[in-house]
Structures are given as C-alpha cells and as structure tokens.
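Listed here are the chains, written in short residue letters.
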Amino acid sequence: MTVSVLIGIIFLLAGMFILSPSLSSAMRMRTQIGRYPLVKVIIGFISLIILISVSLQDYWYEELWRVVVFVAFVFALLQLISTLFTMKIWDGITDFVRKYPFIIFIIMVVLGLLLIVRSYIGPVAAVEECKSNQDIGVICSVKNPEDLAVTPDNNFLIVSEFGGIEPLEEMTPGKLSLLNIETEEVSPLSISYANNTWGDGLCSRKKNDLIGPHGLDLVERSDGLYQLAVVNHIDYESIEMFELSQNNSGWGLIWRGCVRAPIENYLNDVSLTSDGSLFVSHMYDRDSGASTFLSAALFKYKTGYVLQWNNIEGFSKVQGSEGSMPNGIALDETKNLLYINDNLGDKVRVLDLSKNTLVAEISLNSPDNLILTNGSLWVTTLDHEILDTLKCSKLITCTLPFSVYELNPLNLEIKGRFSFRHNIFGLPTVALPVKDKIWIGSFRSDRIAYLNSILEQ
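Source: prediction; values computed, not measured.

Q: Before we go on, may I ask you to explain the overall build of the protein chain in this structure?
A: Along the protein chain, the regular secondary structure elements total seven helices and 25 strands. Among the 457 residues that make up the protein chain, the fraction classed as buried is 51%. Taking as baseline every contact in the protein chain between residues at least 6 positions apart, the subset at least 24 positions apart corresponds to 59%. Accessible area of the protein chain: about 21400 Å², with a carbon and sulfur share of 57%.

Given below as structure tokens:
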C-alpha cells in the first residue's frame, strides 16, 4: 500500500468520523488538551518538524499526498498560533465543523478518494524527439515494447510490440521484433510455420496471420532447442509456441504450436519450463469492464490467478496464486519457486510450489513484468496512481515518474533502485539487464530505453 493510498484511507475514515456522535466528544477533548501549554508546544514542534521534512523533499509539490500533509500541518500550526495569541481563527474552524459536518464529510471523502487514485500532480512533458540523455538511452523504431527476452548469444533482444488490452483500450494487432544490441537496429522477426507439436492441437496459425503479443518467455528445453512462448490476444486467447533458431539474418522463429486458453481467461505473462509446460497469469475475467479495473485498483480485491498447463493434464489453477490483477510471473525451476506481480494489489510475491506456501512478499506500487537472472529479480514500478495516466491521453510517450528495482529473489529485499522523473521515458513494464545495460520496455511508448551506465542507487 502506497503512502498516498494510506493517507486517502485515513481521510475516508476521518470523513465518516465527522458524521458520528463522537465528534462533539472529540471537540471537547481538543478543548481540554488545549488548556495545557506543554501539549500546545509539543503539537507545534511536531508540526514544524513535519513541515520542514516535507518541504526538503525534492519535487514535494508534485506529489498530492505531500501537499495534503503540508496543508494539514499548516492548520495544526495555525491552531497553536491562534491559541497562543488568543486569536479566534481555530475556534471559527471548529465551530464550522460542528455546524456543517456534512459539508466537511463530503470534502474529506472526495479528498480521500482522490488521494487513492491520484498521486502525481506535476507536469508531464510531451517528448517527440528521439534523443538519448545522460541517464537514459532510447531507441525509437518500436511501438509499445511490452516485454523483452535476450537471445542465447546475448547480442539481440526479442521484443513484444504490444497492441493493447481491453477494457483499458482498443485491441489492435502487434508484432514480434528483433533488436540488435550493438547496432541498435530493429527488424521484424522472420517466422516460418510447422506442425502443432508443442501445443495442444486446439488452435492453428498460418503465414500472414495477425498476432497480438503480450508477455513472453524464452528457455532452453531439455532437448537442447530454444522455445519462445508468447501470450496472444488476437482471434482468441492463446499462448503461441516458437522455436528460436539461427539463420542467415541472425535469429528467426519457427512456429511449433499453440495452447488455446479457456474462454473465461484473459492472459498477461507466461513462464516456461524446460519440458515445454508453462505457467501463465490470468488478469481478470473477460467480461470485466473499466469499472471493474478501477474498483480493483481502489479496493485491491482479487481479480485473477496463475494457471499451470502441460500437454497431459491441460490447464489447472495454481493454489495460492490469487491476487489483484496478476501480471508478470517468473519461475525458478531449480527451486520450484513462482514469482508473481499483483499489479493492482501493489505486491510482489513468491510461492513455494512444492509446499503451496507463501515464501515472501514486498509492497511495490503497480509492479509489472518480472525478470529473474544472475541471482537478482528485476521489477519495474509506477511512481504514481492509476488515474494519473489520464495526463497521457494525447501523448505517444508518457513520462510519468517510475522506478526499476533489483530484488533479492530469496527474500525480496531491495538490492538497488533506479528512479526517474521529468525524463524521456515512462510507463515501464520490464527491466532486462544484458551485458553493461539495463533495457526497459513500456506498454505505451514509441521507444525502448536503456540505462547508459550504473547510476547511483
């Protein structure tokens, strides 16, 4: 739970308290406390410390909750000043609250709800020029690079150019691309087609079929071949299976099957095992609307879960995987641990699949995809709330604040954090370290980003 959401809940509870019979008792208690000079001094001192602390934070005036805290403690100081100098300012405010509690109730509830769904109130610049800066490098010949995977030679990135998901936006086709890390050139991935031997036999693909790629995962199979799984939203919900192989242009794909999801499921990310079975996150029911998405973001109730699939038993629900919009997932096959991001629930969780128990969890705001590599778990987060994205309705690339976290995969302790605001990139989904760069994708952008160097954490 973020600070903004916590303060919003406090305001909602305070608003309900305003209408309760306890209000008069609270007012009398305030009057009694106010008779003791030492209490006044302590309240004033605490208020002054908090005001100074808030104002010393960089860009504090761009965070709604910091502004609200600042104003609230200015009122607390006013109470002290008006009492010390026998002024009637605070008594007038108290009388107004007592006479018109319903007006105060409405103000508190509206402010509480606003704090829960809004956080960032600073400027969001329109970024049109494709130009790197000292912190972030960008490559702009892609659209919505939602998920990334690195090829076995560490020289190319496989890019899922995302088309969109309902109910947030219109579903449109996307594509799979290949980015040359050295030359920074992007080209479409060549795809040839074979029989459905890695899927369930219930779906098929042919040349020139459209695809709506979302999450993807690449593993080396036990037979030595490289298998790429891609969540697809076009025509029907499926996980497309490809063999990644080298060709004259570097790397290409051979379609080797697909798995058709149950009609009620709406998928996001996928994680493969070496035998070709998989785990896939189900976000929310297909008949969910925008109101469902917003209410889940507000109340953090469970909307989805993780599914497991193999070609013998088909799909089954992973026990204990339920959460508020399960998004990115990652599997540690050697330890039998499943990592899950609850995007609307603001959590990263680790499940022990052998014992069906929760190993660890950490609260992070709107975590998206997961990358487990080289002893670290990489997660991107949004440093704002859900309705802040309304600022970006007319922007191709939205530069709202965001962070990239490096976590300890055993206990989810934070090993490092990179935070950005007022920059040339935003709405991140995935962070993938390759060689000396950390590559960052986005669900709404005309560019891939990468960190130019090891920044101060």
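Q: Which parts of the structure should I look at to understand the sheet that holds strand β5 (residues 186-188)?
A: Within a sheet, each strand pairs with its neighbour through backbone hydrogen bonds, oriented either parallel or antiparallel. Spatial strand order, β2-β3-β4-β5: four strands in an open sheet with antiparallel pairing. Whereas interior strands pair on both sides, the edge strands pair on one side only; in this sheet they are β2 (145-150) and β5. Sheet twist, expressed as the average angle between the axes of neighbouring strands with direction ignored, equals 30°. Looking at chain direction, strand β3 (residues 156-161) and strand β4 (residues 175-180) are connected through six bridges and run antiparallel. Residue pairing across strands places V159 opposite S177, the latter belonging to β4.

Q: For this particular structure, what's the right way to read the nonpolar core?
A: Side chains that are nonpolar tend, in soluble globular proteins, to be buried together. One finds I136, L148, L157, L179 and W439 to be the most contacted residues of the largest nonpolar core, which totals 29 residues. Where this core is concerned, the elements lending two or more residues are β1 (136-139), β3, β21 (402-407), β22 (414-420), β23 (428-434), β24 (437-442) and β25 (448-451). If near-sequence neighbours (up to four positions away) are discounted, L179 is found in contact with I139, N155, F156, L157, V159, E185, V186, W439 and I448. The next biggest cluster of nonpolar side chains, apart from the first, holds 18 residues, and it includes L176, L244, W251 and C258.

Q: Hey, could you run me through unusual backbone geometry in this one?
A: Note: most residues except glycine have negative phi, and most peptide bonds are trans. A positive phi angle, close to 60°, is found at K300, a residue other than glycine. Of note, K300 is situated in the loop between α7 (290-299) and β13 (305-310). Of the residues examined, K300 reaches a relative accessible area of 28% and is grouped as partly exposed.

Q: Whenever I open this one, the pattern of salt bridges confuses me. Can you help?
A: Inspection of every chain in the model, using the stated rule, returns 19 salt bridges. For the salt bridge of K335 with D332, the shortest nitrogen-to-oxygen distance reads 3.9 Å. Each of E62, E63 and R421 takes part in a single network of salt bridges with overlapping partners.

Q: Would you mind showing me how to read the sheet that holds strand β14 (residues 314-317) here?
A: Within the open sheet, the four strands sit side by side as β11-β12-β13-β14. Their pairing is antiparallel. Of all the strands in the sheet, the pair left with one neighbour each is β11 (267-272) and β14. On average, each strand axis in the sheet is tilted by 25° relative to the strand beside it, whichever way the strands run. Direction of pairing for β11 relative to strand β12 (residues 278-282): antiparallel, over a ladder of four bridges. Residue pairing in the sheet places V270 in a bridge with V280 of β12.

Q: Help me understand the state of the cysteines, please; the structure alone is not making it clear to me.
A: Note on terminology: disulfide describes a covalent bond linking the sulfur atoms of two cysteines. As enumerated under the stated definition, the model contains three disulfides in all. Two residues, C203 and C258, share a disulfide whose sulfurs are 2.0 Å apart. Remark: C258 occurs in strand β10 (residues 250-260) and C203 occurs in the loop between β6 (191-193) and β7 (213-220); sequence separation between them is 55 residues. For the pair C203 and C258, a shared accessibility class is recorded, and that class is buried. The disulfide partner of C392 is C398, and the S-S distance across this bridge is 1.7 Å. The exposure classification of C392 matches that of C398, with both residues buried.

Q: How should a nonpolar patch on the surface be read in this particular structure?
A: Taken together, the side chains of L19, F102, I106 and V110 make up a nonpolar region of the molecular surface, amounting to roughly 370 Å² of accessible area. Among the structural elements, I106 can be located in helix α6 (residues 101-117).

Q: Could you clarify how one ought to interpret the packing of aromatic side chains in this entry?
A: Ring pairs (aromatic) are described by centroid distance and by the angle formed between their planes. A complete count under the given rule lists eight aromatic pairs for this structure. Ring geometry for Y266 against Y284: centres 5.6 Å apart, planes inclined by 70°, an arrangement best described as edge-to-face. Taken together, the residues span a long stretch of sequence, with Y266 in the loop between β10 and β11 and Y284 in the loop between β12 and α7 at a distance of 18 residues. Residue class for Y266 comes out buried when judged on its relative accessible area of 2%. Assessed through its relative accessible area of 5%, Y284 is described here as buried. On the numbers, 5.9 Å between centres and 75° between planes, the contact of F402 with F425 is edge-to-face. On the criterion of sequence distance, the pair formed by F402 in strand β21 and F425 in the loop between β22 and β23 is long-range, its members being 23 residues apart. A single burial state applies to F402 and to F425, both of which are buried. Ring pairs connect the aromatic residues W60, Y61 and F70, which therefore count as one cluster.

Q: Hey, could you run me through the side chain of S238 in this one?
A: Structurally, the position occupied by S238 is in strand β9 (residues 238-247). Look at S238 and you get buried, because its relative accessible area is 0%. Residues contacting S238, with those up to four places away along its chain left out, are R205, V230, V231, N232, V259, R260, A261 and L267.

Here is what the cut-offs are and how they apply
Residues numbered from 1 in each chain as written. Predicted model: local features only at pLDDT ≥ 70, side-chain atom pairs only at ≥ 80, totals over all residues. Heavy atoms only, no water. Helix = DSSP H or I, 4+ residues; strand = E, 2+ residues; numbered from the N terminus. Buried < 20%, exposed > 50% of the residue type's maximum accessible area, 1.4 Å probe, protein only. Contact = heavy atoms within 4.5 Å. Areas by Shrake-Rupley, 256 points an atom, 1.4 Å probe, with all protein chains shown as cover. Pairing = 2+ DSSP bridges. Axes fitted to C-alpha atoms, helices over the stretch in contact; angles between N-to-C directions. Core = buried A, V, L, I, M, F, W, Y, C linked by side-chain atoms within 4.5 Å. Salt bridge = Lys/Arg side-chain N within 4 Å of Asp/Glu carboxyl O. Disulfide = S-S within 2.5 Å. Patch = residues over 30% accessible without salt bridge, like charges linked within 9 Å, V, L, I, M, F, W, Y side chains within 5 Å. Phe/Tyr/Trp six-rings, centres within 6.5 Å; stacked < 30°, edge-to-face > 60°.

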